[in-house]
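Report on the structure
Listed here are the chains, written in short residue letters.
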Amino acid sequence: MSETVWIPLSNLAHGRSGDKGDSFNIGLIAHKKMWLEILELSVTPKLLDQWYGDSVTGLISVWPMPGIGAINCLLRGGLGGGATTSLRLDAQGKIWGQSILRMRVPVNKKQAEELGVPLNNQSENQWDMSHIL
Amino acid sequence: MAVSKSDVAVLFEEPIRIGSGGGFWGDRPLAPVDLLKSDDLDYMIIDYLAELTLSIMTKQKRRDPSSGWATDLELWLAAGGIDALRKKSVKLVTNAGGANPESCARMVLEQASKIGWHECKVAVISGDDILPRLDYLLANGEDLTHFETGEKLSDNGVEMMSANAYLGAGPIASALEIGADIIITGRVADASLLVGCMLHSAGWAYNAFQLGLTRESPVVDWAPQHITNPLDVLAQWTIAGHLIECGAQVSGGNYSNWGEVPNLATLTLPIAEIYLNSDVKITRGKAGGGMVNRKIVAEQLIYEIGDPEEYITPDVIVDMRNISIEDESEDVVIVKGAIGKPEPKSLKVSAAVEGGWFASSSLLVSGPHAIARANACDLALRARLSALEELEIHTEFIGSGVTLPKNIRQELFPLLNPPEIMLRWAVTSPNRRDITDFTQEVAPLVLTGPAGVGGYGARPKPRRQLQFWPTLISRKSVESLVKIELLTHLHISAESERFHFIRRRTRGFISRLQDELDEREWTRPLVKKLGWERNDSITDLTIQKEKEVEI
């Protein structure tokens, strides 16, 4: 079995987030369509659950959108009550789509190398979750 | 005379060009004027209503019966917008009417009048507001259950502050068909603003009139016979509407690779071009900065959606999974592959119930160990308010990772030593007095907390929160009461009004039947307020009201 390496999500995808009631969604689009499989394998509901911890209280869904090489993540109960009753400054969850790009995600090294996914760390400020998993 | 479906085949060689005037009430208010002046459009759409905007507008209307609509519309119409709409023959379709579309429409007529556009016709679409009928609806089988929490309205014992159903594209298309220049609606689903324009431009609405279909029929039934895949066509139009309804978010704003976008300062608004084969191209206004490419459009496609297999609008349910987005040329992206499924049985209702009291306040904390100082401030404030049992206090140490999830932030905390922290509190309580007590304890921390605390302001005023209450309602309960009214300042001559709706058909369309249609009789009441309302038999489109109304 090939080695797993942890890389910043920003190496693999770009994203945008927004609110729907007390849920927010994050769309993550692979920089190259052919990286979708890697993206799907690395950003799982389990990983998102570990990243968000009790900041998200409801079910987490992840759906692929093969036409554009993306996944859509829906995080229910993630806005502290929704835009109007949340006490958080970013009550609409606008920032989550960018702050998650600093998360490190596990990828299969061989597969990533074959498809040209950069394995470098672009920034010093990413939090590696490999010790949690 | 009955007309068969095939008679109304409509060809268009040029695409229909629909511009977006902005993304929400609060977006750059004068940007629509720039787009109208720089580019040739058939329509401009503007979505002014976020999920809770209508609750705020409903509150405003209670205080002042002439308010409760998106006042930004007046700002840009008065700043050359109304003139540009008239000179360039662009039809405006917007939900700026909010909780009070009629007052909004009167403002539009005033603006038109000021530039001498006396024949301007403004359609008002209402009927989305179900609050006045709430008791009736509850007594007749609608339970208005909160679809996120499962709470029933009756269990809750709360007063609903506003409740608006999301209308679809049908009424917009009907209003365009009877000759409206500007359409002011209450709550209409964002993407339906564009779909309404296309139902008119592609001849579906005309076909529906000819076939005697009611406007609340599923709009898919309006398709002329030669359209073999009407649901997919509706799906493509819906996606076009979804892509441009957030304004510049699809022309370079809020883009992950923001550094690549030329001249954010002069970002232009987007334009959707819709082709006969239902291909959609997304591009942007000519005069200014910004960018449209595959990645930007993909970010917007996925914005604020749930399950991509079921993007639900009142007109159609769209399967987005196989939508493809490709770069065609500089600033032009082509979007294909949306699949349509029949419209939902229920309409979404955006409602609000009264919540608790709320205030927020912040202080700037600096010096060595800024985080520790901020923490001391927070502890002191909490201790001073500890007697208030129902007060909930939420503290954010801005600059220490509040945009990261809590567990990651806690890990990070000991590693940080920022030069300053913005300390922000937000509090809520069922008691207004608790909130006032909080507001009185913030500024004193400057004198009674650790050193290095500043940035205090006046005591904020406690305000009442609204709690969002999303629910569903059967289509029938809403759609049979949707009302379209056409308002104008002048009597219209019979000659100019005949087939007005055909002659004014937007640029780029050729109707095969135009000559034939011109020969047919078409009469309309010639009144100031053209009440155009369906009667309750649901099968017959008739003009019910003919009365002069003071405008």
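Residues numbered from 1 in each chain as written. Chains lettered and ligands numbered in written order. Predicted model: local features only at pLDDT ≥ 70, side-chain atom pairs only at ≥ 80, totals over all residues.

What to know about unusual backbone geometry
- Phi angles above zero are rare outside glycine, and Ser278(B) is one such case at about 70°.
- Relative to the helices and strands, Ser278(B) is located in the loop between β8 (270-274) and β9 (280-284). (Helix = DSSP H or I, 4+ residues; strand = E, 2+ residues; numbered from the N terminus.)

Quick look at helix α8 (residues 192-201) of chain B
All names here are of chain B.
- Burial runs high along α8: ten of the ten residues are buried.
- Where α8 is concerned, the buried positions are Ser192, Leu193, Leu194, Val195, Gly196, Cys197, Met198, Leu199, His200 and Ser201.
- Immediately downstream of α8, the backbone of Gly203 shows phi near 85°, a positive value. (Buried ≥ 20, exposed ≤ 12 C-beta atoms within 10 Å, placed from the backbone.)

Concerning the interface of chain A and chain B
- In this assembly, 36 residues from chain A lie in contact with 43 residues from chain B.
- Among the elements that make up the side of chain A that touches chain B, the one with the highest residue count is strand β2 (residues 13-20) of chain A (six residues).
- Residue composition of the side of chain A that touches chain B, grouped by class: 14 nonpolar, 15 polar and seven charged. (Contact = placed C-beta atoms within 7 Å. Nonpolar A, V, L, I, M, F, W, Y, C, P; charged D, E, K, R; others polar.)

So, the packing of helix α3 (residues 72-87) of chain B against helix α4 (residues 101-114) of chain B
All names here are of chain B.
- Interhelical geometry of α3 versus α4 gives an angle of 20° and a closest axis separation of 10 Å. For the element pair α3 / α4, the angle class is roughly parallel. In this structure, the crossing between α3 and α4 has a hand that is right-handed. Each of Leu73, Glu74, Leu77, Ala78 and Ile82 in α3 lies in contact with α4, whose residues at this interface are Cys104, Met107, Val108, Gln111 and Ala112.
- Grouping the constituent residues of the contact of α3 with α4 by class yields eight nonpolar, one polar and one charged. (Axes fitted to C-alpha atoms, helices over the stretch in contact; angles between N-to-C directions. Parallel < 35°, antiparallel > 145°, perpendicular 65-115°, else oblique. Left-handed = near helix turned anticlockwise from the far one by under 90°.)

Observations concerning helix α10 (residues 230-244) of chain B
- End to end, α10(B) covers 22 Å across 15 residues, agreeing with the expected 21 Å (1.5 Å per residue, within 8%).
- Burial within α10(B) is extensive, with 14 of its 15 residues counted as buried. (Expected span 1.5 Å × (residues − 1).)

Side note on the confidence of the model for chain B
Residues and elements named next belong to chain B.
- On average, residues of chain B score 87 in pLDDT, and 85% of them reach the 70 mark or higher.
- For the stretch residues 1-10, pLDDT sits under 50, and the model shows 22 contacts to residues farther than four places along the chain or on other chains.
- Per-residue pLDDT stays below 50 along residues 491-551; that stretch engages in 88 contacts with residues further than four places along the chain or on separate chains.
- Here the predicted complex scores 0.88 on pTM and 0.93 on ipTM. (pLDDT = per-residue confidence, 0-100.)

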